[in-house]
Amino acid sequence: MTRKLAAGNWKMNGTAADLDRIARLAAAHPEPACEVLICPPATLVSRAAEQAAGTPVKIGGQDCHPETSGAHTGDHSAVMLADAGATAVILGHSERRADHGETNLTVQRKAEAVLAADLTAIVCIGETLDQREAGRTLDIVEEQLFGSLPEAATAENTVVAYEPVWAIGTGKVPTNDQIAEVHSHIRTRLGDHYGAAAGTGIRLLYGGSVKPGNAGEIFAIDNVDGALVGGASLRVEDFSPIISALDGKA
Ligand code: 13P
């Protein structure tokens, strides 16, 4: 069975002074049952990977360009992230879809680049509040899923993160039934499309206001294989109990 995954997305937070969080996290979890991934800003990936070397903590990026190299000022490629020591890349986060107009097709091209660089693609999908209130959640999530995932997705190279936009950074969390419904739908549709092994094996993370106080309850929901954590990944005191809660389920 694939290991559960506790992934921290630092977003646009952190400087060199914050890198000691990685060593402290590794010291608190020397042999975690789950995988632990920290995705710092691109400026810190290589130094974070040096900090994490020899520990169970892995380092990831938060975005990449679909191409390997070229005239794209300000961008970085999946190959460059791999070179810096990353093992995974978050793609299609709702903040990138909103801030940078990323479409499903853009995200899919980026995900293909990530797989080509032998990294794990963590593809984010999730509905807005308007879409949920209009009863369109499952349709939106499915459209994003098949629009954004690479055709070569497998249990080994791809992770799906369900992050309802309205739950990100708001302290609002869907009910357990709402999370269960979406995750079960994603699981079924992955199986229909990619076959049984990918359907059961692709890890499905929940993301959006995961905190030490709600992590255990969220991890107990069927088809939740871990979490993509924003704000609470910035403090070891908050992220560590989330890892322990996931270890309890692993
Ligand atoms: P918060 O945990 O801060 O709500 O952010 C979730 C998220 O967007 C992770 O990618």
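Details of the structure are given in the entry above.
Since we're looking at a predicted model, the values are computed, not measured. (Residues numbered from 1 in each chain as written. Predicted model: local features only at pLDDT ≥ 70, side-chain atom pairs only at ≥ 80, totals over all residues. Heavy atoms only, no water.)

A word on the environment of Val-165. By the secondary structure assignment, Val-165 is in the loop between β6 (158–162) and α8 (176–194). We classify Val-165 as partly exposed; its relative accessible area is 32%. Along the backbone, Val-165 and Ser-244 are 79 residues apart, and their C-alpha atoms lie at a distance of 26 Å. Beyond its immediate stretch of four places on either side in the chain, Val-165 contacts Ser-94, Gly-126, Glu-127 and Thr-128. (Helix = DSSP H or I, 4+ residues; strand = E, 2+ residues; numbered from the N terminus. Buried < 20%, exposed > 50% of the residue type's maximum accessible area, 1.4 Å probe, protein only. Contact = heavy atoms within 4.5 Å.)

The next point concerns the pairing of strand β1 (residues 5–9). Counted residue by residue, β1 has five buried out of five residues, so it is predominantly covered. Here β1 shows no split at all, with Leu-5, Ala-7 and Asn-9 on one side and Ala-6 and Gly-8 on the other all buried. Judged from the five bridges that link them, β1 and strand β2 (residues 35–39) form a sheet pairing that is parallel. In the sheet register, Ala-7 faces β2, and the bridge partner there is Leu-37. With helix α1 (residues 20–28) bridging β1 and its parallel neighbour β2, the resulting β-α-β unit is right-handed. Where β1 and strand β8 (residues 226–229) come together, four bridges link them in parallel fashion. (Pairing = 2+ DSSP bridges. Right-handed = clockwise from strand over helix to strand, strands pointing away.)

With that settled, the discussion passes to the site of the ligand. Around the ligand lies a shell of 13 residues, among which Lys-11, His-93, Gly-169, Ser-209 and Gly-231 are the nearest. Here an oxygen atom of the ligand and a backbone polar atom of Gly-231 are 2.8 Å apart. Burial of the ligand by the protein amounts to 97% of the accessible area it has alone, namely 310 Å². A class-by-class count of the residues in the shell around the ligand yields four nonpolar, seven polar and two charged. (Near = heavy atom within 4 Å. Polar contact = N/O pair within 3.5 Å; in protein donor to acceptor, adjacent residues only side chain to side chain. Areas by Shrake-Rupley, 256 points an atom, 1.4 Å probe, with all protein chains shown as cover. Nonpolar A, V, L, I, M, F, W, Y, C, P; charged D, E, K, R; others polar.)

As a further point, take the sheet that holds β6. Spatial strand order, β1-β2-β3-β4-β5-β6-β7-β8: eight strands in a closed barrel with parallel pairing. With strand direction ignored, the average angle separating the axes of adjacent strands in the sheet is 25 degrees. In the packing of helix α5 (residues 104–116) onto the sheet, contacts are made with β4 (88–91), β5 (120–125) and β6, and the angle to β5 comes to roughly 160 degrees. Strand contacts of helix α11 (residues 236–249): β1, β2 and β8, with the helix running at about 160 degrees to β1, the strand carrying the most contacts. (Axes fitted to C-alpha atoms, helices over the stretch in contact; angles between N-to-C directions.)

All we've got here are geometric facts, nothing functional implied.
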